Amino acid sequence: MALLVVNGFSNSLPTPHTTEPVYDLVIINGRVVDGTGNPWFRASVAVKDGRIARVGHVEPSQAKQVIDARGQIVAPGFIDVHTHVESIYKQPDAENFVRMGVTSLVTGNCGSSATDIKEFLGRIREQPLAVNLATLIAHGSVRSKVMGQGDRTPTPAELQQMEALVEQGMKDGAVGLSTGLIYVPGMYAKTDEIVALARVAARYDGLYATHMRNEGTEVVEAIRESLQIGEQARLPVEISHFKISARKLWGKSDVTLSLVREARKRGLVVTVDQYAYTASSTSLDIRLPDWVLAGGREEGKKRLAVKETRERAVREMKEGLKRTGFKDYDYAVVASYAPNPSFNGKSIKAITKEVKGKSDLDSQIAQILEMYEAGGAGMVYHGMSEDDIKEIMREPFTMIASDSGVRRFNEGMPHPRGYGNNARVLGRYVRELRLLPLEDAVRKMTSLPAQTFNLRDRGLLLEGFAADIVIFDETSVNDRATFEQPHQYPVGISFVLVNGVTVLEDGRMTSARPGVALRRQSMNLALVSHRAQG
Ligand SMILES: [Zn+2]
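Quick look at the structure, then. (Residues numbered from 1 in each chain as written. Predicted model: local features only at pLDDT ≥ 70, side-chain atom pairs only at ≥ 80, totals over all residues. Heavy atoms only, no water.)

Attention shifts here to the coordination of the zinc ion. Protein-derived ligands of the zinc ion are Cys110 (SG), His211 (ND1) and His241 (NE2), with the metal-ligand distances lying across 2.1 to 2.2 Å. Donor residues for the zinc ion sit on one chain with the sequence pattern C-x100-H-x29-H. Here His241 lies in the loop between strand E15 (237-239) and helix H7 (253-266) and Cys110 lies in the loop between strand E10 (102-107) and helix H2 (117-122), a separation of 131 residues in the sequence. When sorted by exposure, Cys110 lands in the same class as His241, which is buried. (Donors = N, O, S within 2.8 Å, 3.2 Å for Na, K, Ca; no water. Helix = DSSP H or I, 4+ residues; strand = E, 2+ residues; numbered from the N terminus. Buried < 20%, exposed > 50% of the residue type's maximum accessible area, 1.4 Å probe, protein only.)

Turning our attention to the sheet that holds strand E13 (residues 176-180). Across the sheet, which stays open at both edges, the six strands sit in the order E12-E13-E14-E15-E16-E20 with parallel pairing between neighbours. Each end of this open sheet is capped by a strand with a single partner; those strands are strand E12 (137-138) and strand E20 (398-400). Strand direction decides the pairing type here: E15 and strand E16 (residues 270-274), joined by three bridges, are parallel. Directly across from Ile239, in E16, lies its bridge partner Val272. Across the sheet, helix H5 (residues 191-203) touches E13 and strand E14 (207-211), and the angle it forms with E13 is around 155 degrees. Contacting E15 and E16, H7 crosses the sheet at an angle of about 150 degrees to E16. (Pairing = 2+ DSSP bridges. Contact = heavy atoms within 4.5 Å. Axes fitted to C-alpha atoms, helices over the stretch in contact; angles between N-to-C directions.)

Looking now at the nonpolar core. Ile88, Leu133, Ile239, Met393, Leu426 and Phe472 are the most contacted members of the largest nonpolar core, which has 90 residues in total. Sequence-distant contacts of Met393, that is, excluding residues within four places in its chain, are made with Gln274, Ala276, Thr398, Ile400, Val425, Tyr429, Leu435, Leu436 and Lys444. Membership of the second largest hydrophobic core comes to 30 residues, among which are Trp291, Val292, Met317 and Tyr381. (Core = buried A, V, L, I, M, F, W, Y, C linked by side-chain atoms within 4.5 Å.)

Right, here's the structure in full:
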C-alpha cells in the first residue's frame, strides 16, 4: 500500500535545517516503468506545476507532498484511445476509467462523435473533468448531419459539405477521422467517400481510425479496404478493436495481422487496438441486414411489416449466421433492453425460450426482430477465441483500449471491459499467463497510444512531460468485473495523478478535476512555435 505524507503536516515541530520544497510532489521508492518498454528502474519521480520535473534522486524534503510507492510500480497514466464518452460531461469523474489507471481518453470512435469539436472540447473549461479528453471527428455523424440516414451516395455538393465539416473539426483540434462501417449511416459509404474525407484529415496530420466494415467472415477484405484508404489518402491507419468475430475464422489472427505487417513493410503506418475479452459489445441492430436498417428504425419497422420483406430478412439472417459458424444466438447476450430490463444478462436463446416456450432458430430470429421493433437493445456477443486475443496482444503495434463509455455504477449489464480492461491485461495476461512483459504491456497503454494519436507530451515518465501517473502493485493488480457482475472496480491500483493532481488517492477518489482537452498538435505549428522560441 502506498502512503501519502504531506510535508509540514506530518510533524508539528518545524525542522530547522529543511530547505524550502522545490517540488509539489515526489513519488519515492517505486519501480519506474517509464512507458518506453525498457526494463523498470529505480528512481523518484518529482512533479511541479503539472509536469514531471525530475526522474532520478530526489530528497523527500524537497517536495511539499511525498507518496511512498514502496513495492509498487510507477508508470505513466494509461491512455485509452478507443472510448465512447460523448456523455462524459454528465459524469465528469469518469471513475471507471480512473480506477483502471486511465488518465487520457480518445473518444469520437466508430463513426460517432460531436460535430462541433470546438464546443465539445471547449466545454471542459466550464465543466472540468477528472481525466484528459481528445476526440476524433466521426464520418457517421458528419454524414448524418449533411445527408441524413439514407442509403445513397452523396452528391458532389454534399461531399463538399462533409469535407468542410471534417476540416473544421480538424482545425478545432480533432486528432483524426473515425468511421463505423457496420453502422447506419457509415455502412452506406463507398470507399471513395471515405478516402475523400480522410484526405482532409491527412492535411492536418490526423489519422484514420476505423471500425471496419466487417470483423467476421469478410474481415480480410475489410482490412484491405482500411489499408487502401490509408494509402490513397496518405495518413496513418488505426484499426479499432482488432478481432476475429466469426467462429469459422477462429485461429486466423495470424493471417489478419500479417496483412497489417505487410502494409507496414510497404511504409504505411498502421496500428491496431484491442480489448482483452473474448466478447464484444454493440447493438442488436447489427444482426439485421443492412437494407432493413436504412433510413432509421421507423423505416425498418415498415419493411418488416411486409410479409415478403420480413421473410427475406429472416432468410438472410439465417444465411449470415451460418456463414459465421455459429449455430444459433446463444452467443448473443442482452446487456440493456429498456422495454424489459429482466432480459438483461440473458442470451437471445434463453429469452426466446422464456417468452415463446421454444427456442428453435426461427423463434430466436422472431424474438430479435420484435426487440428491434421495440427500440433495439445493447448486446454482448461472445464471439471470439482466447488464442486470437493472445496472438493480437503480443503484436508490437497493438494498443490496449477499452471501447467503453463512462459507466454509471450498478446501471445495466454493460461489458466488463469498462471496469477492468487495463487491470485485466496487467493481472491476467502479464502476471498469470506471462504472455508479455509488464514493461511491454505498459508501453501498449502509454507511449504507443501517445505516439499514434500524436499526444506529444504524454505517455512517458520523462522530464517536461505532463504528470499523468499511475501507481499499482504488479503482484495484486487485477480486474474483478465479470459478464455476470460487471460493476466491480479493479484491485491493486492505488494512486492516479492527472496533470500532477491526485484523482485517486490510496484507492479513494478525490473530487479533483484536473483534466484538459488534448487538441491535435500540428507538426507545422509545432515547428513554427519552436522557431519562434528559438
Ligand atoms: Zn466500434
